[in-house]
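So you can see what is in the structure, the chains are spelled out below.
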Amino acid sequence: MMLLDAYLQTRRVSELLCEPLEVEDFVPQAVEFASPPKWHLAHVTWFFETFILKEYLPGYRAFDPQFSFLFNSYYQSIGRRAIRNQRGIYSRPTVKQVYQYRHYVDEHMKKLLSPSQLSKNINQQVKDLIILGIHHEQQHQELLLTDLKYTFGLNELHPVYQADFNLIKDHNNAGGWLKIDENLYAVGHQGEGFCFDNELGRHQVYLPSFDINKALVTNGEYIEFIEQQGYQNFSYWLDDGWSWLQKKKISSPLYWHKVDGEWFYYTLAGLKPVDPEAMLCHVSYYEAQAYANWKGMRLPTEFEWEVASQQLAWGKRWEWTSSAYLPYPNFATKAGAVGEYNGKFMANQMVLRGASVATSSGHARYTYRNFFYPHMQWQFSGIRLAK
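As annotated in an unreviewed UniProt entry, the protein chain is Ergothioneine biosynthesis protein EgtB from Catenovulum sediminis. Reading the Pathway (unreviewed entry) entry of the UniProt record for the protein chain gives the comment "Amino-acid biosynthesis; ergothioneine biosynthesis."

Given below as structure tokens:
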């Protein structure tokens, strides 16, 4: 696919995801880590404007210089930015103005990627930066859905985003255990395709033999853990996890509700009865680790997952691993603002592997390293057991 076509297709997907929304849905921010749809739409646009158009399109003028303050996320080298937990208090610019901003940047990106400009100003380094921007927007497409679900999930009306958009209904298509032999294995990205910098540094790891489940844990299996007092028995939990659930009064996966003795969960298609055969979703690392401990098993390491993944069905849930998010050998932070993309977050977070039903098409790789804090439940995250 031509670079301009890939850019325009990605931009269209973001706006398609917002078509079911009312204008009131674009603004609220329910919690610090979940940003409003309006902010996501503007931030990904700011990325293309700041890192590409301002640098490489001669004569480009910013749509609004104040947008850099409002829509910069965490790039310290770019300058001042709005406080993260205040992204939802800005009623201005309006949703209409944000779409005008997107249109303005898109028109200038078309100019930049026109044949005349491509021949004069666009080298492989700039193309790679545009591809990074495309994948960055795909990341935010997924975050837009997860953040929107979090906001809607707090609403007692259980809003329906779209009647056919229950993303947590998938069942396993395989069962049993896959045995992986003891050996040295190469892990990390290789080849010419896109990857993030945290996937680079392909290297060998030694793995003792292990078994990994071909199926993800189901809702019904997890209900057994709940009913057998899994949330009340500290012996299954890491100390940090036990403190978290006591402080936050956690007693089930996110979005689960007990109604007249039956379990229901909120989906983007509204409130639904929990399907016991569907893959479990919206659990934290702490919950995943406690469940595995209760079963007398464990979570796979990220390297075990990567080696086994080529023989597994995956992609319906982000899968928690037992690996801390750390750099690969010879990892080097890139110069400039782009260097802030991944490396500075390599502390206190756990790796998730795979992808989810909310992940944009073409964005998943078996070497992809997602990462979140161990208490976070709001991603489409599940559990695969190892032993």
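J.: Account for helix α6 (residues 124-153), naming residues and giving values.
T.: Taking 1.5 Å of rise per residue, the 30 residues of α6 would be expected to cover 44 Å, and the 43 Å separating its terminal C-alpha atoms lies within 8% of that figure. Counting buried positions along α6 gives 22 out of 30 residues, so the element sits mostly inside the fold. For α6, the N-terminal capping position is held by Asn123, with its side-chain oxygen 3.1 Å away from the main-chain nitrogen of Gln125.

J.: Please provide a residue-by-residue account of the packing of helix α1 (residues 3-18) against helix α4 (residues 95-112), values included.
T.: As a packed pair, α1 and α4 sit with axes 11 Å apart at the nearest point and diverge in direction by 170 degrees. In terms of their interaxial angle, α1 and α4 are classed as roughly antiparallel. Listed contacts from α4 to Leu4, Tyr7, Leu8, Arg11, Ser14, Glu15 and Cys18 of α1 are Tyr99, Arg102, Val105, Asp106, Met109 and Lys110. Across the contact of α1 with α4, the residue classes break down as seven nonpolar, one polar and five charged.

J.: Could you give me a rundown of the UniProt feature "domain: Sulfatase-modifying factor enzyme-like" (unreviewed entry) in the protein chain, with the residues and numbers involved?
T.: As annotated in UniProt, the feature "domain: Sulfatase-modifying factor enzyme-like" (unreviewed entry) corresponds to residues 192-309 in the numbering used here. Span residues 192-309 is 31% helix and 19% strand, its end C-alpha atoms 20 Å apart.

J.: Explain the sheet that holds strand β7 (residues 270-273) to me, using residue names and the numbers behind them.
T.: Strands in a sheet are paired, the pairing made by backbone hydrogen bonds, and the direction either parallel or antiparallel. Read across the open sheet, the three strands follow the order β5-β6-β7; overall the sheet is antiparallel. Edge positions in the open sheet fall to β5 (256-259) and β7, since each of these has one partner strand only. Taken pair by pair, the neighbouring strands of this sheet meet at an average axis angle of 35 degrees, ignoring direction. As defined by bridge partners, β5 adjoins strand β6 (residues 262-267) across four bridges and the pair is classed as antiparallel. In the strand pairing of β6, Trp256 is matched with Tyr265.

J.: How would you sum up the pattern of salt bridges? Please name residues and give values.
T.: Should the charged atoms of two oppositely charged side chains come close, the side chains can pair. A complete count under the given rule lists 13 salt bridges for this structure. One salt bridge in this structure joins Glu137 and Arg102, with 3.2 Å as the shortest N-O distance. Residue Glu137 is located in helix α6, and its partner Arg102 is located in helix α4; the two are separated by 35 residues in the primary sequence. The closest approach of N and O atoms between Glu107 and Lys110, which form a salt bridge, is 3.0 Å. Taken together, the residues span about one helical turn, with Glu107 and Lys110 both in helix α4 at a distance of three residues. Looking at Glu107, the relative accessible area reads 31%, which means it is partly exposed.

J.: Let's hear about the environment of Arg84: which residues, and what values?
T.: Here Arg84 is to be found in the loop between α3 (67-71) and α4. It is 9.4 Å that separates the C-alpha atoms of Arg84 and Ala34, two residues lying 50 residues apart in sequence. In this structure, Arg84 is in contact with Gln29, Glu32 and Phe33, ignoring residues within four places of it in sequence. Polar side-chain contacts of Arg84 include one of 3.3 Å to the backbone oxygen of Glu32.

J.: How would you sum up the sheet that holds strand β9 (residues 350-354)? Please name residues and give values.
T.: With mixed pairing, the four strands of this open sheet are ordered in space as β10-β9-β8-β11. Of all strands in the sheet, those with a lone pairing partner are β10 (370-372) and β11 (381-382), marking the two edges. Bridge count for strand β8 (residues 318-324) against β11 is two bridges, and the pairing is parallel. Paired with Glu319 across the two strands is Gly382, which belongs to β11. In the packing of helix α10 (residues 302-309) onto the sheet, contacts are made with β8 and β9, and the angle to β9 comes to roughly 5 degrees.

J.: Which residues make up the packing of aromatic side chains, and what are the values?
T.: Applying the stated criterion to the full structure yields 41 aromatic pairs. Both rings, one in Phe194 and one in Phe196, keep their centres 5.0 Å apart while their planes meet at 85 degrees; by these two values the pair is edge-to-face. Residue Phe196 is classed as buried on the basis of its relative accessible area of 4%. Connected via pairs of aromatic rings, a cluster forms that spans Tyr222, Phe225, Tyr231, Tyr236, Trp237, Tyr291 and Trp294. The residue whose ring lies beneath Arg87 is Trp39, and the NZ or CZ to ring-centre distance is 3.7 Å.

J.: Describe the nonpolar core, naming the residues involved and giving the relevant values.
T.: Residues Met109, Tyr161, Tyr222, Phe225, Trp237 and Ile383 are the most contacted members of the largest nonpolar core, which totals 89 residues. When residues in this core are grouped by element, the largest group, 10 residues, is from α6. Counting 13 residues, the second-largest nonpolar core is a separate cluster that includes Val187, Val205, Phe303 and Leu312.

The rules behind the values
Residues numbered from 1 in each chain as written. Predicted model: local features only at pLDDT ≥ 70, side-chain atom pairs only at ≥ 80, totals over all residues. Heavy atoms only, no water. UniProt positions renumbered as here; feature names shortened; annotations may be inferred. Helix = DSSP H or I, 4+ residues; strand = E, 2+ residues; numbered from the N terminus. Expected span 1.5 Å × (residues − 1). Buried < 20%, exposed > 50% of the residue type's maximum accessible area, 1.4 Å probe, protein only. Polar contact = N/O pair within 3.5 Å; in protein donor to acceptor, adjacent residues only side chain to side chain. Axes fitted to C-alpha atoms, helices over the stretch in contact; angles between N-to-C directions. Parallel < 35°, antiparallel > 145°, perpendicular 65-115°, else oblique. Contact = heavy atoms within 4.5 Å. Nonpolar A, V, L, I, M, F, W, Y, C, P; charged D, E, K, R; others polar. Pairing = 2+ DSSP bridges. Salt bridge = Lys/Arg side-chain N within 4 Å of Asp/Glu carboxyl O. Phe/Tyr/Trp six-rings, centres within 6.5 Å; stacked < 30°, edge-to-face > 60°. Lys NZ or Arg CZ within 6 Å of the ring centre and 35° of its normal. Core = buried A, V, L, I, M, F, W, Y, C linked by side-chain atoms within 4.5 Å.

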